[in-house]
Amino acid sequence: MHPDLWRFAEDLYRRPGVETACLQLQAQGNDICLLLCGAWLGCRGVACSAERADCLRAIAQPWQREVVSALRHVRQQWRAAAHHDSALAALREQIKQLELAAERELLQRLASCGHDWPGDTAEDIHDWLHSLAFVTTAADRDALHLLHAAARQV
């Protein structure tokens, strides 16, 4: 088990199918950093509660909206034009790196929030993911299930 959320997230994201599952969940409005943090807390045996989930959301939502999503929007908006403009493609790559840095900062903030929460329960990944996720379709449920199964292997 990784004591560091960033390394846990990197290892989890590399697992087969996780990237696709995360993109599916993100397309439905989920904050992947929040879900990765929930999986990490669950693996550490930190009990999930509404208060703890709310604390994480209070940190994640403004940062996700004002920083990460803003960068992602610009990067995605430039996708087609960057195929025909090498200067724009280079700038788009820089935006992508800023987006990744913003996600890493968010994960650090989330980890700091849960740092002192004791890991004194059995694995609680399921409760964390289901309390933090917005799931509307069978594909979303499948993606969340895959994320849960992969987190148990990290």
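Scroll up to find the structure this text is about.
Residues numbered from 1 in each chain as written. Predicted model: local features only at pLDDT ≥ 70, side-chain atom pairs only at ≥ 80, totals over all residues. Heavy atoms only, no water.

Trainee: Got a minute to help me understand the overall build of the protein in this structure?
Mentor: For the protein, the helix and strand inventory stands at eight helices and zero strands. Written out in order from the N terminus, the α and β elements of the protein read α-α-α-α-α-α-α-α. Computed over C-alpha atoms, the radius of gyration of the protein comes to 16 Å, within 12% of the 15 Å expected from 2.2 N^0.38 for 154 residues, which places it in the range of a compact globule. Overall, the protein is about 55 × 30 × 25 Å in size when its C-alpha atoms are taken along their principal axes. Counting across all 154 residues of the protein, residues that qualify as buried make up 40%. Look at the contacts in the protein between residues 6 or more apart in sequence, and 79% of them connect residues 24 or more apart. Surface accessibility of the protein: about 8400 Å² in total, with carbon and sulfur atoms responsible for 52%. Computed over 16 positive and 20 negative side-chain charges, the inter-centroid distance for the protein is 4 Å. (Helix = DSSP H or I, 4+ residues; strand = E, 2+ residues; numbered from the N terminus. Rg over C-alpha atoms; globule rule 2.2 N^0.38 Å. Buried < 20%, exposed > 50% of the residue type's maximum accessible area, 1.4 Å probe, protein only. Contact = heavy atoms within 4.5 Å. Areas by Shrake-Rupley, 256 points an atom, 1.4 Å probe, with all protein chains shown as cover. Lys, Arg positive; Asp, Glu negative; His and termini not counted. Charge placed at Lys NZ, Arg CZ, Asp CG, Glu CD.)

Trainee: Which parts of the structure should I look at to understand the environment of N30?
Mentor: Mapping N30 onto the fold places it in the loop between helix 2 (18–27) and helix 3 (32–43). Its relative accessible area of 7% is what places N30 among the buried residues. For the pair formed by N30 and V135, sequence separation is 105 residues and the distance between their alpha carbons is 8.3 Å. In this view, N30 contacts L25, L35, L132, A133 and F134; residues no more than four positions away in its chain are not counted. Only 3.0 Å separates the side chain of N30 from the backbone oxygen of L25, close enough to count as a polar contact. Among the polar contacts listed, one links the side chain of N30 to the backbone nitrogen of F134, at a separation of 2.5 Å. (Polar contact = N/O pair within 3.5 Å; in protein donor to acceptor, adjacent residues only side chain to side chain.)

Trainee: In this structure, what is going on with the side chain of E99? I would like to understand it.
Mentor: The topology assignment puts E99 in helix 6 (residues 86–114). For E99, a relative accessible area of 5% puts it in the buried group. Ignoring sequence-local partners within four residues, the contact set of E99 consists of V68, L71, R72 and R75.

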